[in-house]
Amino acid sequence: MVVITTFPPPTEGIRHQEPNIAAHIKSKDLGKGTLYIAESRVSWVGESGQGFSLEYPSITLHAVSRDLNAFPRECLYLMIDADLETNDEEEGQQEENERTVENKTSEVRFVPENTGVLDAMFKAMMDCQALHPDEDDSFSEDEEGCFDDAEDDSGAEYDVAAAERGRGQGDGSVGDTYYDEYGEPMEVAQFEDVDPDH
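Residues numbered from 1 in each chain as written. Predicted model: local features only at pLDDT ≥ 70, side-chain atom pairs only at ≥ 80, totals over all residues. Heavy atoms only, no water.

- Under an unreviewed UniProt entry, the name given to the protein chain is Methylosome subunit pICln, and the source organism is Limulus polyphemus.
- Listed under Sequence similarities (unreviewed entry) in UniProt, the entry text for the protein chain is "Belongs to the pICln (TC 1.A.47) family." (UniProt positions renumbered as here; feature names shortened; annotations may be inferred.)

## Observations concerning the nonpolar core
No. 1: If you look at the biggest cluster of nonpolar residues, it comprises 25 residues, and the most contacted ones within it are Phe-52, Leu-78, Val-108, Phe-110 and Met-121.
No. 2: Listed by contribution, the elements that provide at least two residues to this core are β2 (14–25), β3 (28–38), β4 (41–46), β5 (50–55), β7 (75–80), β8 (106–112) and α2 (118–130).
No. 3: Among the elements that take part in this core, α2 stands out by supplying 5 residues, more than any other. (Core = buried A, V, L, I, M, F, W, Y, C linked by side-chain atoms within 4.5 Å. Buried < 20%, exposed > 50% of the residue type's maximum accessible area, 1.4 Å probe, protein only. Helix = DSSP H or I, 4+ residues; strand = E, 2+ residues; numbered from the N terminus.)

## Quick look at the layout of surface pockets
No. 1: In this structure, the largest pocket occupies an estimated 200 Å³ of space.
No. 2: Lining the largest pocket are Tyr-56, Pro-57, Ile-59, Thr-60, Leu-61, His-62, Asp-81, Gln-129, His-132, Pro-133 and Asp-134.
No. 3: Take the lining of the largest pocket: its biggest share by element is 4 residues, from strand β6 (residues 59–65).
No. 4: Its residues assigned to classes, the lining of the largest pocket comprises 5 nonpolar, 4 polar and 2 charged. (1 Å grid on protein atoms, 1.4 Å probe; cavity = no way out; pocket = protein on both sides within 12 Å on 5 of 7 lines; lining within 4 Å. Points joined across faces, edges and corners; volume = space filled by probe spheres on them. Nonpolar A, V, L, I, M, F, W, Y, C, P; charged D, E, K, R; others polar.)

## What about the sheet that holds β4?
No. 1: Spatially, the 8 strands line up as an open sheet ordered β1-β5-β4-β3-β2-β8-β7-β6, and their pairing is antiparallel. Only two strands of the sheet have a single partner each, and these edge strands are β1 (5–6) and β6.
No. 2: Sheet strands touched by α2: β2, β3, β4, β6, β7 and β8. Its angle to β6, the strand with the most contacts, is close to 160 degrees. (Pairing = 2+ DSSP bridges. Contact = heavy atoms within 4.5 Å. Axes fitted to C-alpha atoms, helices over the stretch in contact; angles between N-to-C directions.)

## Describing the pattern of salt bridges
No. 1: Under the counting rule described, the total for this entry stands at 8 salt bridges.
No. 2: Ionic pairing is found between Arg-41 and Glu-55, a salt bridge with its closest N-O pair at 2.8 Å. Pair noted here: Arg-41 is in strand β4 and Glu-55 is in strand β5, with a separation of 14 residues, a long-range link.
No. 3: Looking at Arg-41, the relative accessible area reads 30%, which means it is partly exposed.
No. 4: Residue classification places Glu-55 among the partly exposed positions, given a relative accessible area of 44%.
No. 5: When the shortest N-O distance is used, the salt bridge between Lys-123 and Asp-127 registers 2.9 Å. Taken together, the positions of Lys-123 and Asp-127, both in helix α2 and 4 residues apart, correspond to about one turn of that helix.
No. 6: Residues joined in a network through salt bridges with shared partners are Arg-66, Glu-74 and Asp-119. (Salt bridge = Lys/Arg side-chain N within 4 Å of Asp/Glu carboxyl O.)

If you want it as structure tokens, here you go:
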């Protein structure tokens, strides 16, 4: 839930600050204010001094939306992994939300007066989001080392046959060991008379 409250704007780690931004949570227009894209969170402070902050782990998607059929103005679109409510919606929907826990995503749109700043806003969001990687996207211990034999040089060719020989697989010549789908060795001699061009 987003609580619209009075708080001071962030002062540290600000990557982008943009005045005259209209904020929309779901379909509710919160008015104009200043958007702060900081390294720790995204904050919007309205002209009245009230606003809200979103932490990066709760932001599941951010994009520049230019589709005027989806929303009447170009904007920075955020999908939030939470059911956001503004203060006036909170009281009437609290009981309903306690019963309904299925849909826990919300949409936030930041609409600038000058749409020419959308790309800069998106880049700042992208840079700050990268500082907060999703722990669920990290490699597991089982996956570590699975790319150890890959070349680091860009443009370098990878020798598949050499890598397969190193793992006990072959390039088709007699004497190589082949394995079936169950990991059992296969008899190679049965393939010696096959024409390789067909």
